[in-house]
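What the coordinates show
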Amino acid sequence: VNHVVHNGGLYKRPFNEAFEETPMLVAVLTYVGYGVLTLFGYLRDFLRQWKIEKCQNATEREEQKDFVPLYQDFENFYNRNLYMRIRDSWNRPICSVPGAKVDMMERVSHDYNWTFTYTGRVIKDVINMGSYNYLGFAQNAGACQEAAAKVLSQYGAGVCSTRQEMGNLDKHEELEKLVARFLGVESAMVYGMGFATNSMNIPALVGKGCLILSDELNHASLVLGARLSGATIRIFKHNNMQSLEKLLKDAIVHGQPRTRRPWKKILILVEGIYSMEGSIVRLPEVIALKKKYKTYLYLDEAHSIGALGPSGRGVVEYFGLNPEDVDVMMGTFTKSFGAAGGYIGGKKELIDYLRTYSHSAVYATSMSPPVVEQIITSMKCIIGEDGTTVGKARVQQLAENTRYFRRRLKEMGFIIYGNEDSPVVPLMLYMPAKIGAFGREMLKRNIGVVVVGFPATPIIESRARFCLSAAHTKEMLDTALKEVNEVGDLLQVKYSRHRLVPLLDRPFDETTYEETED
């Protein structure tokens, strides 16, 4: 399904998203593949039960057999018989800065991935297509590293207290003022952990008698926060405004179940860029619905802050909207800023309330000073307050890399999900055997990629996910594309029936880059 929204109405720019339908044969073969794996799984479980095959997985002791099992049966079955076959594709140990290239420790398994041993060899200069290092600030040299090292020598590594007690540093205050200025909001508050920014603050904003309308593909931190809040949760189809409006109408017409009283609050939860789909939220339409039905909007910009918009200010700037139209602007520093933690921005009253009632503010230890300095320095670089144009150039470079990489993959015949401006690029693999094979074949060719399967995606929508960075040079991307093309032919994963025709037949250089961008 292609969604193309041109200039007009609510959008000030073209909005192109593609989610090509799974070919029927591929879908059938994927189900058959999982069926075969499941049959073999039951056979191996039978052999393990009768001690014919050695049982490697953790089991309850004999005297605990009648207890409630620790794992749900299917999840445990899946881990034993499906995940274990391709476990070598995850948790690969890195021993360098997660920049454009990484060094990886080699490991081998002699018991089909139940255990790993290190060979002592380091695989050097693996092109890193997996880290969320969108603007290339994950580096061990340069202005950010020097500033962080200086602060480390002055303040130390830890704060050993919460913000409300002895852990409120001048650096924290400076960062919060900078974040508020960067976002264009009245006030902001920072937290030491991005995941907890969502999961601990949503319960402070809504509770019993409130309604949360959540996108079906929202991140686990938003889901957990919504569940912890005690509010009623209703799910709308991904980025589907008709589905959202129907839920809003029903909520206002019918009110709370049984009592029919109006809801105390209605909160819409959306993300800027969805990290598994590569899609961008239809923010102009969400804001229009929010105003029409007088609800609140919570926007999670974990992946979009720094990565979208002419000056890296996220999805609000990307669409040319007013930050005041978003009630709660949340984001993380773990991606574009190469640091750790998260923030919430909005009206001063909101932030003052969260300082008092947020679990993250009251109970969590303050953010580490060198991490704070890394964020301050990188954010000033993006804004241009460091006196250079490096930040702006990085934002521009990321946009160019994204467009180029996505277009080339589509020309090769892969099914690529998401928006053409999203630096998260999912390449669909579908079949279970191809998840591990793709990751291994790419690593053989010195390219590090992330492969994703169930339960992070629907069981038949396995994929490889590329994350682009401003640190990637043209040569690196061309090398990666050449290897992806080769592996795509080898594994036969070029499923697209809508192959793009290359825009230009002549060799690619900087001038043609601009032409294709236009």
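Residues numbered from 1 in each chain as written. Predicted model: local features only at pLDDT ≥ 70, side-chain atom pairs only at ≥ 80, totals over all residues. Heavy atoms only, no water.

1. Observations regarding the packing of aromatic side chains
- All told, the structure shown has 16 aromatic pairs when counted by the stated rule.
- Ring geometry for Phe46 and Trp50: centres 6.4 Å apart, planes at 55°, overall tilted.
- When its relative accessible area of 46% is taken as the criterion, Phe46 is described as partly exposed.
- Relative to Tyr343, the ring of Phe333 lies with its centre 5.5 Å away and its plane at 45°, an arrangement referred to as tilted. Placement of Phe333 in the loop between strand 10 (328–332) and strand 11 (342–346) and of Tyr343 in strand 11 is noted, with a sequence separation of 10 residues between them. Tyr343 shares its class with Phe333; the two are buried.
- Geometry around Phe116 places Arg107 over its ring, the cationic atom sitting 4.1 Å from the centre.
- Note that Arg394 overlies the ring of Phe137, its terminal NZ or CZ placed 4.4 Å from the centroid. (Phe/Tyr/Trp six-rings, centres within 6.5 Å; stacked < 30°, edge-to-face > 60°. Buried < 20%, exposed > 50% of the residue type's maximum accessible area, 1.4 Å probe, protein only. Helix = DSSP H or I, 4+ residues; strand = E, 2+ residues; numbered from the N terminus. Lys NZ or Arg CZ within 6 Å of the ring centre and 35° of its normal.)

2. With respect to the sheet that holds strand 14 (residues 447–448)
- Reading across the sheet, the 3 strands line up as 3-4-14 and stay open at both edges, with mixed pairing between neighbours. The open sheet has two edge strands, strand 3 (101–108) and strand 14, and neither has a second partner.
- As paired strands, strand 3 and strand 4 (residues 117–128) are joined by 6 bridges and run antiparallel to one another. From the neighbouring strand, Met105 faces strand 4, where its bridge partner is Val122. (Pairing = 2+ DSSP bridges.)

3. Observations concerning the sheet that holds strand 10
- Pairing is mixed in the open sheet, where 7 strands are placed in the order 5-11-10-9-8-6-7. Taken across any chain shown, the strands that pair with only one partner, and hence form the sheet edges, are strand 5 (187–191) and strand 7 (232–236). Shown here is a sheet whose adjacent strand axes are inclined to one another by a mean of 20°, direction ignored.
- By the bridge criterion, 3 bridges tie strand 9 (residues 296–300) to strand 10 in an arrangement that is parallel. Counted as the bridge partner of Tyr298 is Val328 from strand 10.
- Together, strand 5, strand 10 and strand 11 form the strand contacts of helix 4 (residues 170–183), whose direction differs from that of strand 5 by roughly 125°. (Axes fitted to C-alpha atoms, helices over the stretch in contact; angles between N-to-C directions. Contact = heavy atoms within 4.5 Å.)

4. Examining the packing of helix 7 (residues 241–254) against helix 8 (residues 283–293)
- The geometry of helix 7 relative to helix 8 is characterised by a closest axis approach of 11 Å and an angle of 15° between their N-to-C directions. If you check the angle between helix 7 and helix 8, you find them roughly parallel. As helix 7 packs across helix 8, the resulting crossing turns out to be right-handed. Residues Met241, Leu244, Glu245, Leu248, Lys249 and Ile252 of helix 7 touch helix 8, and the partners they reach there are Glu285, Val286, Leu289, Lys292 and Tyr293.
- Here the residues of the contact of helix 7 with helix 8 are counted per class, giving 7 nonpolar, no polar and 4 charged. (Parallel < 35°, antiparallel > 145°, perpendicular 65-115°, else oblique. Left-handed = near helix turned anticlockwise from the far one by under 90°. Nonpolar A, V, L, I, M, F, W, Y, C, P; charged D, E, K, R; others polar.)

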